[in-house]
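Topology and contacts: notes
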Amino acid sequence: MTSTADHLATIDLLRARDFPDRRGVVGAVASGPGFHVADLCVSEDFWDADLERLIEVEEEFEAELGVLVQVLSLRWGEPEVLDLADHLERDAMGEPVPEPLRSLCGYVGQVYGWRADGRWIGLGIGQGDRELPLQLVAAIGEAGVR
């Protein structure tokens, strides 16, 4: 797993980066109008893994998420915790969901979010399915994200 300092540097880089006019993916970062979503850390897949291995990796990701939340809370105050289930339901019904929440809601259950310098910054852990890798993600959006 990359270090907390590396994760913070990635978040700061994305906060400073302009949003592109069109959707695209470069490396571990998906971007589009009004958003960036970056995989900070991605585990192995769990097709043949036992439950103990999955739990071990979940604990590692949760621990790193906790450290990042603490550090960013020192910068910007306590985060807003968003449950993305409502966003997923709205998206499934064809209702508009703002980015980056639309990109996240299919695999991330909740995010910790802050507003700083005209941008929204979110962190969460996602997994598309039990067999797929866990992903520690950072998302940057426009300040009005809800």
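Remember, predicted model here, so these are calculated numbers, not experimental data.

Rules used throughout
Residue numbers run consecutively from 1 along every chain, following the written order of its sequence. Local features in this predicted model are restricted to residues whose pLDDT is 70 or higher, and side-chain atom pairs enter the listing and the counts only when it is 80 or higher, whereas totals over whole chains, interfaces and linings include all residues. Computation of side-chain values: all heavy atoms of the structure, hydrogens and water removed. Every angle, taken between N-to-C directions, lies between 0 and 180 degrees, and every axis is a line fitted to C-alpha atoms, over only the stretch in contact when it is a helix. Helix numbering and strand numbering both begin at the N terminus, where a helix is a DSSP run of H or I of at least 4 residues and a strand a DSSP run of E of at least 2. Should an angle fall under 35 degrees it is taken as roughly parallel, and over 145 as roughly antiparallel, whereas 65 to 115 is taken as roughly perpendicular and any remaining angle as oblique. Each helix crossing is assigned a hand: it is left-handed if the near helix lies turned anticlockwise from the far helix by less than a right angle, otherwise right-handed if that turn is clockwise. A contact between two residues is defined here by any heavy atoms of the two lying within 4.5 Å. Ten residues, namely Ala, Val, Leu, Ile, Met, Phe, Trp, Tyr, Cys and Pro, are considered nonpolar, four, namely Asp, Glu, Lys and Arg, are considered charged, and the remaining ones, Gly among them, are considered polar. The buried label applies to any residue whose accessible area, calculated with a 1.4 Å probe on protein chains only, is under 20% of its type's maximum; exposed applies above 50%, and partly exposed to all values in between. Counting of polar contacts relies on pairs of N or O atoms within 3.5 Å, with two restrictions inside protein: one atom must be capable of donating a hydrogen and the other of accepting it, and residues adjacent in sequence are counted only when both atoms are side-chain atoms.

Describing the packing of helix α1 (residues 4–16) against helix α2 (residues 51–76)
In contact at an axis separation of 10 Å, α1 and α2 are set at 50° when each is read in the N-to-C sense. Relative to α2, the element α1 lies oblique. The hand of the α1/α2 crossing is right-handed. In contact with T4, H7, L8, I11, D12 and R15 of α1, α2 contributes E64, V67, L68, V71, L72, R75 and W76. Its residues assigned to classes, the contact of α1 with α2 shows seven nonpolar, two polar and four charged.

Section: the side chain of S43
Within the secondary structure, S43 is located in the loop between β3 (35–42) and α2. By relative accessible area, which is 12% here, S43 ends up buried. A polar side-chain atom of S43 sits 2.8 Å from the main-chain amide nitrogen of L134. Contacts of S43, omitting those with residues within four sequence positions, involve V57, F61, P133 and L134.

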